[in-house]
Every structure is written in C-alpha cells, then in structure tokens.
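Listed here are the chains, written in short residue letters.
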Amino acid sequence: MASRASRRSQTEVLRTVRQIRQYSPERVPDEVVERLLEVAQWTGSSRNSQPWHFIVISQPGQLRQISQLRTPINWVAAAPLGIAIVLDGANVPSEAYDEGRVTERLLMGAHLLGFGGGVAWFGDEAQQAEAKDILGIPAERTARSVVLIGRPTSIKDPRPDARAGGRKPLSEIVSYERWGSSKG
Ligand SMILES: Cc1cc2nc3c(=O)[nH]c(=O)nc-3n(C[C@H](O)[C@H](O)[C@H](O)COP(=O)(O)O)c2cc1C
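Calculation notes
Residues numbered from 1 in each chain as written. Predicted model: local features only at pLDDT ≥ 70, side-chain atom pairs only at ≥ 80, totals over all residues. Heavy atoms only, no water. Phe/Tyr/Trp six-rings, centres within 6.5 Å; stacked < 30°, edge-to-face > 60°. Buried < 20%, exposed > 50% of the residue type's maximum accessible area, 1.4 Å probe, protein only. Lys NZ or Arg CZ within 6 Å of the ring centre and 35° of its normal. Near = heavy atom within 4 Å. Polar contact = N/O pair within 3.5 Å; in protein donor to acceptor, adjacent residues only side chain to side chain. Areas by Shrake-Rupley, 256 points an atom, 1.4 Å probe, with all protein chains shown as cover. Nonpolar A, V, L, I, M, F, W, Y, C, P; charged D, E, K, R; others polar.

Enquirer: I tried to follow the packing of aromatic side chains on my own but got confused; where do I start?
Expert: The description of an aromatic ring pair uses the distance of the two centres, along with the angle that the planes make with each other. The final tally for this structure, using the stated rule, is 1 aromatic pair. Ring geometry for Trp 52 and Phe 54: centres 6.1 Å apart, planes at 35°, overall tilted. With relative accessibility at 11%, the residue Trp 52 sits in the buried group. Positioned over the ring face of Phe 115 is Arg 151, at 4.0 Å from the centre of the ring.

Enquirer: Looking at this structure, I do not really get the site of the ligand. What am I missing?
Expert: Lining the immediate surroundings of the ligand are Arg 18, Gln 19, Arg 21, Arg 70, Pro 72, Ile 73, Trp 75, Val 119, Ala 120, Trp 121, Arg 159 and Arg 167. One nitrogen or oxygen atom from the main chain of Gln 19 is found 2.9 Å from an oxygen atom belonging to the ligand. Taking Arg 21, its side chain carries an N or O atom lying 2.7 Å from an oxygen atom of the ligand. Considering the ligand on its own, with 630 Å² of exposed area, one finds that the protein chains cover 66% of that surface. Broken down by class, the residue content of the shell around the ligand amounts to 6 nonpolar, 1 polar and 5 charged.

Geometric values such as these leave the question of function open.
As structure tokens, this is what we get:
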C-alpha cells in the first residue's frame, strides 16, 4: 500500500501537468511512443465504443504543414512528435468527451514518463479539412486536434498573445452541498 506521502506526491504529479509548447529537438524513443499508445488504447470511452484512431507523426514536414494552419499553433513545427486523434464521426457529443479524456491521458502519460505534451486544435472546418488532407484522413471522420510530445525546454507560452497562466482559486469554482454555498 502506498503511504499517504507517496499518494500525495503521485497526485502532485497530476496537478503539475502543463501545456508544453517548447521542446528539445531530441527524438522521442519508440518505447515511450508505445507506452503512450497503450495509455490511449486503454482510455475509457462512451459505451466502450473506442471511437478513435491515432496517427503518429514524426515527419517534420507534416508537423510544419499543420503548424501553418493557424498562428496559435505555430509552435507545432518544432515538436519532435505528434499523435493526431481521429474520431469515427458517428456520435459527435460523446466523441468530443472521449477525445478530451484521451487527450488528457496522453498529456499525463507524457509527464509521468519525463516528457511533456501539448494539445493543438486544427481550427475551423476548413482548417480541419486541410489537416485531414495533410494526414490522409477520410473526409467523413472527425479530426480536430493533435497532441505534441517531447522533452520540455520550458513551460512558458511563447506566443505573443499568451493566455494568462495559473488557475482560479478553489473558493471561486467549488460549492458544498448547494450551488454557491461555502464549506461548513
Ligand atoms: C480543448 C483545448 C484546445 C486547446 N487548443 C490549443 C491550441 O490550439 N493551441 C495551444 O497552444 N494551446 C491549446 N490548448 C491549451 C490551453 O491553452 C492550455 O491547456 C491552458 O492555457 C492551460 O495551460 P497550462 O496547463 O500550461 O497552465 C488547448 C486546450 C484545450 C483543453
């Protein structure tokens, strides 16, 4: 049985997962990619439908093309590896939920393995269509995002219009027993 302190440090690992946008150019080893794909494979999904397919992208040319879809994802060009998430396109709301779950697990898995991950959305429908073209994805599938993986060199957001970091205080986002009620 893990001690209380070690359980706390395990959840601390989860709490410190951040969006990584700056990576060292070093290759992500195959065994790391395999581990992450297994983590993705075992993610729970609505009715265990497993509505996904994953495209491992290690060609800099493809990542560069994706990075050019829109400015907020220009950092994708310098990532050593991407895992694009393709959904069946059969049930849009539940697949969006499943996509979020699998994305988060890839980010957490990368962090636990000493790497880092970042999610990049392709953009609007036209940009999604372009991404499908770059990756050879059939038009009827849903493809919205790619998770980039690599060794982090910084946790900073290098973009000129960087989002503010940090989080809202718990007191602002949590109620007890009834909406708006504080503890005790
Ligand atoms: C649905 C979703 C889409 C996102 N799309 C992008 C994106 O296209 N480009 C990007 O740089 N970050 C993207 N992010 C990352 C968020 O900006 C990031 O999670 C947030 O700023 C918190 O970052 P932090 O955990 O490093 O503090 C996305 C996150 C989510 C959940």
